[in-house]
Amino acid sequence: MVRASEEEQESYRSRLFNFKWRNNENNNATRHAKSLSVETGLDEAATGSNEAEPLTIIHPGKAPPLLRSAADEAALTAALAREKQLLADVEQMKERFSKLLLGEDNSGGGKGVSSALALSNAITNIAASVFGEQRRLEPMPAERRARWRKEIDWLLSVTDYVVEFAPSQQKNKDGTNMEIMTTRQRTDLHMNIPALKKLDAMLIDCLENFKDQSEFSYVSKDSSDADKRNDEKWWIPTVKVPPDGLSDAARRFLQYQKDCVNQVLKAAMAINAQVLFEMEIPESYIDSLPKNGRASLGDQMYKHITVDFFDPDQFLNSMDMSSEHKIVDLKNRIEASIVIWKRKMVYKDSKSSAPWASGVSLEKREVFEERAETILLILKHRYPGISQSSLDISKIQFNKDVGQAVLESYSRILESLAYTVLSRIDDVLEADRAVNKRSPPIESEEETLVGSMTLSDFMGWDFDQAGQGNGDLESKKDVSDDQLVKEKLPAVTTKKTSYLETLGGVKSPTARH
């Protein structure tokens, strides 16, 4: 009985469906066209057309075909391209951070370098591949600029998680305050990372400012040998200026860019010097030092430093500095002697049989150390592009602090780039002076170029602070710099000051990678 009732209901639904389908078939000329697709329906409403459209059978599991405009196609293509680029960036990021975690040891055997050194090498390698030699004053290509900003941001993101504890106040629900410890980014990173990013942007903007310049150009590689450089920088393209030289506006523009880049150079050098100064001296470097400063310097240099009347210029003039190798060797010897004398002052209360004990008094050792630091400072003043010393290399190699590694490497590459851009600007100005046979322009008082400073300015010797009036300064106009150095040096060496205070923000060398 029940089964017969179900068969009757099924037969009734079948007849009802056939009736509705035939009814719709008679009226599909106007209604099916409007329900076929959204776009076709909108077109029908706009044109008022009642023409019948062919019936499109929609198969189950298949979406209906849509008619897209050119703008929709372009937007879809752009979205697919962005998605593809995002996937490529993710894969590249995985590769970068995998190498950092492995310590540059792809075998995974645990023989890699420390995380700090791996991060330092990664930043250095990225800068070398993006900036290269920077042989011309021209903007960076947009692709390289975007790559630099993307990859350096990846590596700098590590510093967001280098934190320290700081006290803070928390207000409870009952209104009482409770002191708790919260985490924040480490102070040195919080101060220096934004500053270095700003210096980075200033350097790139400086190169971008040369986009529309047309007053100077560079000799191509296919030109004759007469137009190429014959000096020590033979691989750098030769600058070509108009026969009558650059215009006054172009000279002012170049001088302004030079001043800006020089400010970036000084700031980067100051940060790099501070970070290197705070790094610990590795035990391996200390073990390699001789027992006393005399053995490190040699008899001749030790005699010049320990004389009663010390003249740093005379000392440097007596040294052989005909090549960079000899300059670096002199710098290594002086830095080693400074470390030895400082350690002896730390162990001044030790017994005479201790390995760092010496018969030289503490006062004399302080004077010798100050004189050695003065020589080291003048070396960096005269040769700002000198290579790294053994002490700096050892500190970077054995450093375990990730934050210091990031600050040192980032400031070093910005320092190197700023010095390179400064050299390219000097090439253009030198070519302009050669064409017009003019003497070098007088540096303005506001210019902070290291080469424009005298030894008295570089060391921070202010005659006004010594209690001398204007009359005394007038009387010293005809006095040579050597005599002023001899007069002021005893006053400097009798008081112990910090190396960084006398450094003036120009400690570390450039051209390091």
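All figures in this text were calculated on a predicted structure; none of them were measured in a lab.

Novice: Which residues make up the overall build of the protein chain, and what values go with them?
Specialist: The secondary structure content of the protein chain amounts to 20 helices and 4 strands. Looking at the 513 residues of the protein chain, the share that counts as buried comes to 37%.

Novice: Requested: an account of helix α16 (residues 402–436), with residues and values cited.
Specialist: Helix length check: α16, at 35 residues, gives a terminal C-alpha distance of 51 Å against a target of 51 Å (1.5 Å per residue), a fit within 8%. α16 sits mainly inside the fold: 28 of its 35 residues count as buried. Near the N-terminus of α16, the side chain that reaches the backbone nitrogen of Gly403, with its oxygen 2.9 Å away, is that of Asp401.

Novice: Help me get a handle on the confidence of the model for the protein chain, residues and values and all.
Specialist: For the protein chain, mean pLDDT is 75; residues scoring 70 or higher make up 67% of the total. The model gives residues 28–53 a pLDDT under 50, and that stretch makes 20 contacts with residues more than four places away or in other chains. Counting contacts from residues 442–513, a segment whose pLDDT is below 50, to residues more than four positions away or on other chains yields 120 contacts.

Novice: How would you explain the pairing of strand β1 (residues 163–171) if you had to name every residue and give the values?
Specialist: Here β1 runs beside strand β2 (residues 177–185); their pairing, made up of 9 bridges, is antiparallel. The residue of β2 that forms the bridge with Ser168 is Ile180. Hairpin geometry of β1 and β2 is characterised by an intervening segment of 5 residues between the two adjacent antiparallel strands and by a positive phi of about 95 degrees at Gly175.

Novice: An account of the packing of helix α6 (residues 142–156) against α16 is needed here, citing residue identities and associated values.
Specialist: α16 packs onto α6 with a crossing angle of 155 degrees between their chain directions and a minimal axis gap of 11 Å. Comparing their axes, α16 and α6 come out roughly antiparallel. For the pair α6 and α16, the sense of crossing is left-handed. Contacts between α6 and α16 involve Trp148, Arg149, Ile152 and Leu156 from the first element and Val406, Tyr410 and Ile413 from the second. Looking at the contact of α6 with α16 residue by residue, the classes come out as 6 nonpolar, no polar and 1 charged.

Novice: Run through the packing of helix α4 (residues 70–102) against α6, naming residues and quoting values.
Specialist: With their axes 11 Å apart at the nearest point, α4 and α6 run at an angle of 45 degrees to one another. Classified by the interaxial angle, the pair formed by α4 and α6 is oblique. When the axes of α4 and α6 are compared, the crossing they make is right-handed. Facing Gln85, Asp89, Gln92, Met93, Arg96, Phe97 and Leu100 of α4, the residues of α6 in contact are Arg147, Lys150, Glu151, Trp154 and Leu155. Residues of the contact of α4 with α6, tallied by class, amount to 5 nonpolar, 2 polar and 5 charged.

Novice: Outline the state of the cysteines, supporting the account with residue identities and numerical values.
Specialist: Applying the stated rule across the entire model yields 0 disulfides. Of the cysteine sulfurs around Cys206, a residue in no disulfide, the closest is that of Cys260, at 6.9 Å. Taking relative accessible area as the criterion, Cys260 reaches 24% and is therefore assigned partly exposed.

Novice: Break down the pattern of salt bridges for me, citing the residues and quoting the values.
Specialist: Counted under the stated rule, the structure contains 22 salt bridges. Of the charged contacts, one joins Glu430 and Arg433 as a salt bridge, the two residues approaching to 2.8 Å between their closest N and O atoms. In this pair, Glu430 and Arg433 are both assigned in helix α16, 3 residues apart and thus about one turn of the helix distant. In this structure Glu430 comes out as partly exposed when scored by relative accessible area, which is 44%. Overall, Arg433 belongs to the buried group, its relative accessible area being 17%. In this structure, a network of salt bridges that share partners links the residues Arg145, Glu208 and Lys211.

What counts and what doesn't
- Residues numbered from 1 in each chain as written.
- Predicted model: local features only at pLDDT ≥ 70, side-chain atom pairs only at ≥ 80, totals over all residues.
- Heavy atoms only, no water.
- Helix = DSSP H or I, 4+ residues; strand = E, 2+ residues; numbered from the N terminus.
- Buried < 20%, exposed > 50% of the residue type's maximum accessible area, 1.4 Å probe, protein only.
- Expected span 1.5 Å × (residues − 1).
- Polar contact = N/O pair within 3.5 Å; in protein donor to acceptor, adjacent residues only side chain to side chain.
- pLDDT = per-residue confidence, 0-100.
- Contact = heavy atoms within 4.5 Å.
- Pairing = 2+ DSSP bridges.
- Axes fitted to C-alpha atoms, helices over the stretch in contact; angles between N-to-C directions.
- Parallel < 35°, antiparallel > 145°, perpendicular 65-115°, else oblique.
- Left-handed = near helix turned anticlockwise from the far one by under 90°.
- Nonpolar A, V, L, I, M, F, W, Y, C, P; charged D, E, K, R; others polar.
- Disulfide = S-S within 2.5 Å.
- Salt bridge = Lys/Arg side-chain N within 4 Å of Asp/Glu carboxyl O.

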